[in-house]
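This is what each chain is made of:
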Amino acid sequence: MPLLTLNRLSKSYEKKCILDALSMTLPHRSCAILAGACGSGKSLLLRLIADLEKPDSGAITLDTEHQTKPKGKTKYRSVSLLMQSVESQLLGQSVWDDLYLHPMLAGESNDEAKRITEEALRHFGLWHIRHQAPHTLSGGQMRLLLLAGIFTHRSALILLDEPFANLDYTAVKQVRSGIELLLKAGKSVIIATHEVEKVISLANYLLILSEKKIALERPLTEKNRDQIPWQDFDLKDPYAPAWQW
Ligand SMILES: Nc1ncnc2c1ncn2[C@@H]1O[C@H](COP(=O)(O)OP(=O)(O)OP(=O)(O)O)[C@@H](O)[C@H]1O
């Protein structure tokens, strides 16, 4: 069974149809790029998968059979979403506090939450700035902090909405290394992005959203990436050097 199956999802706003009987599957251990033009519905699709909004019709099935579920009273999530508006998702007074909220909200004991927080901060290279206020971090550090929080969730599937928006090259590298840590931990990731070239070397699956549906869905490899009809969907950045990431 695939990790995620979407079956004929439809969604309209005030009679304007945005997604129309959209279907797709996502294999386990995927790092998928979700590409598509502005306004095609990428963010909406991620919100539907994260259960933040309901479709008008259709079904979403997630296979959590193999997910490590915590014992006892601890809650767990199946899907975590990093939204585009980064600052609105940072809640703590310090980097430490912000990360600590994740295991605390999941119902971990104080000691376990402290252990998880320290581990995630060290793992994501944020330990040295643990006393800094989140709103004083750079854009790349903010996203890393959010990825570190998601790392503690035990979610099977992680959704990232435009994780490279407004970042310089150093920050792009930081976010890419954060995504690599999530992948190494066995999580699957869907990355909605216009900046395909920044993540193509990490990705192993491609989803293109066009005309209210997934118009193209296939495994992505170094060998087949040049055969994808990127131009048909206006997705290859004419200003970026060929896939150099
Ligand atoms: N809550 C809402 N109410 C009305 N229309 C909405 C709502 N949310 C999204 N839309 C519309 O749905 C369409 C898809 O929006 P969405 O933000 O998902 O696109 P996108 O592909 O993520 O765009 P971008 O790449 O620019 O971020 C747009 O036309 C948008 O105006």
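Structure: see above.
The present account deals with the structure reproduced in this document. (Residues numbered from 1 in each chain as written. Predicted model: local features only at pLDDT ≥ 70, side-chain atom pairs only at ≥ 80, totals over all residues. Heavy atoms only, no water.)

### Examining the sheet that holds strand β2 (residues 16-26)
Backbone hydrogen bonds hold the strands of a sheet together, and the pairing may be parallel or antiparallel. For clarity, the cut-off: Only strands that DSSP links by at least two bridges are regarded as paired with each other. The numbering of helices and of strands both runs from the N terminus, where a helix is a DSSP run of H or I of at least 4 residues and a strand a run of E of at least 2. Helix axes are fitted only over the stretch in contact, all axes being lines through C-alpha atoms; the angle between N-to-C directions runs from 0 to 180 degrees. The contact criterion used is simple: two residues touch if any of their non-hydrogen atoms lie within 4.5 Å.
A sheet is described by the order of its strands in space; here three strands give the open sequence β2-β1-β4, paired in antiparallel fashion. A strand with exactly one partner marks an edge of an open sheet, and here the two such strands are β2 and β4 (57-62). Geometrically, the sheet is characterised by an average inter-axis angle of 20° between neighbouring strands, direction not taken into account. Two elements, strand β1 (residues 4-13) and β4, share five bridges in a ladder whose sense is antiparallel. When the sheet's bridge partners are listed, Leu-4 is paired in β4 with Leu-62. Relative to β1, helix α1 (residues 42-49) is tilted by about 120°, and along the sheet it contacts β1, β2 and β4.

### A closer look at the site of the ligand
What counts is decided by this rule: Residue proximity to a molecule or strand is established when one non-hydrogen atom of the residue lies within 4 Å of it. In the analysis that follows, any N or O atom pair within 3.5 Å is treated as a polar contact, provided that within protein one partner can donate a hydrogen and the other can accept it, and provided that, for residues neighboring in sequence, both atoms belong to side chains. Each accessible area value is a Shrake-Rupley result obtained with a 1.4 Å probe; residue values ignore everything except the protein chains displayed when judging cover. Here the term charged refers only to Asp, Glu, Lys and Arg, the term nonpolar to Ala, Val, Leu, Ile, Met, Phe, Trp, Tyr, Cys and Pro, and the term polar to all other amino acids, Gly among them.
Residues in contact with the ligand amount to 14 residues; listed here are only the nearest, Gly-39, Lys-42, Ser-43, Leu-44 and His-194. Ser-40 places a polar main-chain atom, nitrogen or oxygen, 3.2 Å from an oxygen atom of the ligand. Contacts to the ligand include Lys-42, whose side-chain N or O atom sits 2.7 Å from an oxygen atom. Within the complex, the protein chains bury 64% of what would otherwise be the 630 Å² of accessible surface of the ligand. Per element, the largest residue contribution to the shell around the ligand is four residues, and it comes from α1. Considered class by class, the residues forming the shell around the ligand number five nonpolar, six polar and three charged.

### Things to note about the environment of Lys-212
Following the sequence through the fold, Lys-212 ends up in the loop between β8 (205-210) and β9 (213-219). Along the backbone, Lys-212 and Asp-20 are 192 residues apart, and their C-alpha atoms lie at a distance of 5.3 Å. Leaving out residues up to four positions away in the same chain, Lys-212 has contacts with Cys-17, Ile-18, Leu-19, Asp-20 and Leu-22.

### Regarding helix α3 (residues 110-123)
Short version of the rule: One less than the residue count of a helix, multiplied by 1.5 Å, gives the span that helix is expected to have. Using a 1.4 Å probe on the protein chains alone, a residue whose accessible area is under 20% of its type maximum counts as buried, one over 50% counts as exposed, and one in between counts as partly exposed. To obtain the arc, one takes the directions from the helix axis to the C-beta atoms.
Helix length check: α3 (14 residues) gives 20 Å between terminal C-alpha atoms against 20 Å at 1.5 Å per residue, within 8%. Within α3 the residues assigned to the buried category are Ala-113, Ile-116, Thr-117, Ala-120 and Leu-121. Burial along α3 is one-sided: seen end-on, the buried residues are contained in an arc of 125°. On its buried face, α3 sits against α2 (95-105) and α4 (139-151). Phi for Gly-125, located one or two positions after α3, is positive at around 65°.

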